[in-house]
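# Examining the three-dimensional arrangement
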Amino acid sequence: MANDEGKKEDKFDFTDEGEARYIGLDEARILAMQAADETPGDYGRQFRRDRMAFEPQDVEETDEYYRIVLAVRPQGDFNGAPGREEFYVEKLAQAEGAIAHRQVLAVPVPEQSRRLGLVLASVAVLVVIIASGVVGGLYFGGILPPSDSSDDTAVSTPAPAPPTPVPPVAPAPDPVEVMV
């Protein structure tokens, strides 16, 4: 019986006098989610009017704090990567569990924003292909002469055109002296 009372005192759940008490991990998770819901973090302009859903993702316990990381995403259907928000909740709950520190680690990223990078890269590759096709068309279409591939340092120049034949001019007759 005395051993049971010792365990009860070590737990520090509640006191009859209303003194400070220690909170458990489950209560700390709930406090973090309530704090996130009551005072939303800065999740970016895109989500400033959206109600967010929170899910405990990672929990660590130290002597004085619970470190709780919540996954953050808009409520309802959401395609994309959730954000993350970190809370440090004091174990000694003098005022119903105080949040000692809070910070947004990552904002949610919708699927369309993740695809934007892939689309831009695809467009860049397409531009390079088209540009090389235009340059190749100039060479192989006869507008520009192809370069000599046997000597990379030599600059190719067009061959001179053959001379145009000029018809011979008949010699002028000798001037005749006229005597008067």
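Attention in this report is confined to the structure presented alongside it.

Here is what the cut-offs are and how they apply
Residues numbered from 1 in each chain as written. Predicted model: local features only at pLDDT ≥ 70, side-chain atom pairs only at ≥ 80, totals over all residues. Heavy atoms only, no water. Helix = DSSP H or I, 4+ residues; strand = E, 2+ residues; numbered from the N terminus. Buried < 20%, exposed > 50% of the residue type's maximum accessible area, 1.4 Å probe, protein only. Contact = heavy atoms within 4.5 Å. Salt bridge = Lys/Arg side-chain N within 4 Å of Asp/Glu carboxyl O. Pairing = 2+ DSSP bridges. Axes fitted to C-alpha atoms, helices over the stretch in contact; angles between N-to-C directions. Polar contact = N/O pair within 3.5 Å; in protein donor to acceptor, adjacent residues only side chain to side chain. Phe/Tyr/Trp six-rings, centres within 6.5 Å; stacked < 30°, edge-to-face > 60°. Lys NZ or Arg CZ within 6 Å of the ring centre and 35° of its normal. Expected span 1.5 Å × (residues − 1). Arc of directions from axis to C-beta.

### Some details on the overall build of the protein chain
Along the backbone of the protein chain there are 3 helices and 8 strands. The N-to-C order of helical and strand elements in the protein chain reads α-β-α-β-β-β-β-β-β-β-α. Within the protein chain, buried positions represent 17% of all 180 residues. Long-range contacts, defined as pairs at least 24 residues apart, comprise 49% of the intrachain contacts of the protein chain with a sequence gap of at least 6.

### Side note on the pattern of salt bridges
Overall, the coordinates contain 7 salt bridges when judged by the stated rule. Notably, a salt bridge pairs glutamate 85 with arginine 102, separated by 2.5 Å at the nearest N-O pair. In this pair, glutamate 85 sits in strand β5 (residues 83-90) while arginine 102 sits in strand β7 (residues 99-106), placing the two residues 17 residues apart along the sequence.

### Some words on the sheet that holds strand β2 (residues 52-61)
Ordered by their spatial adjacency, 4 strands build an open sheet running β2-β3-β5-β7, and the pairing between neighbours is antiparallel. On the outer flanks of this sheet lie β2 and β7, each paired with one strand and no other. Here the strands of the sheet are splayed against their neighbours by 20° on average, with no regard to which way each runs. Looking at chain direction, β2 and strand β3 (residues 65-74) are connected through 9 bridges and run antiparallel. Paired with glutamate 55 across the bridge in β3 is alanine 71.

### Concerning the environment of arginine 73
Along the chain, arginine 73 falls in strand β3. In sequence terms arginine 73 and phenylalanine 54 are 19 residues apart; their C-alpha atoms lie 6.9 Å from each other. Polar contacts involving the side chain of arginine 73 include one to the main-chain carbonyl oxygen of glycine 76, which spans 2.9 Å.

### Structural notes on the packing of aromatic side chains
Applying the stated rule across the entire model yields 1 aromatic pair. A centroid spacing of 6.2 Å and a plane angle of 75° characterise the contact between phenylalanine 47 and phenylalanine 78, whose relative ring orientation is edge-to-face. With a gap of 31 residues between them, phenylalanine 47 in the loop between α2 (25-38) and β2 and phenylalanine 78 in the loop between β3 and β4 (80-81) connect regions that are remote in the sequence. Accessibility assignment for this pair places phenylalanine 47 and phenylalanine 78 in one class, buried. Lying over the aromatic face of tyrosine 66, lysine 91 brings its terminal NZ or CZ to 5.1 Å of the ring centre.

### Focus on α2
In a regular helix each residue adds 1.5 Å, so 14 residues correspond to 20 Å; α2 covers 20 Å between its end C-alpha atoms and thus fits that length. Among all positions in α2, only Ala28, Leu31, Ala32, Ala35 and Ala36 are buried. The arc enclosing the buried residues of α2, seen along the axis, measures out at 130°, which places them on a common side. Turned more than 90 degrees away from the buried face of α2 sit Asp26 and Glu38, all of them exposed. Looking at the packing, one finds that the buried side of α2 touches β2, β3, β5 and β7.

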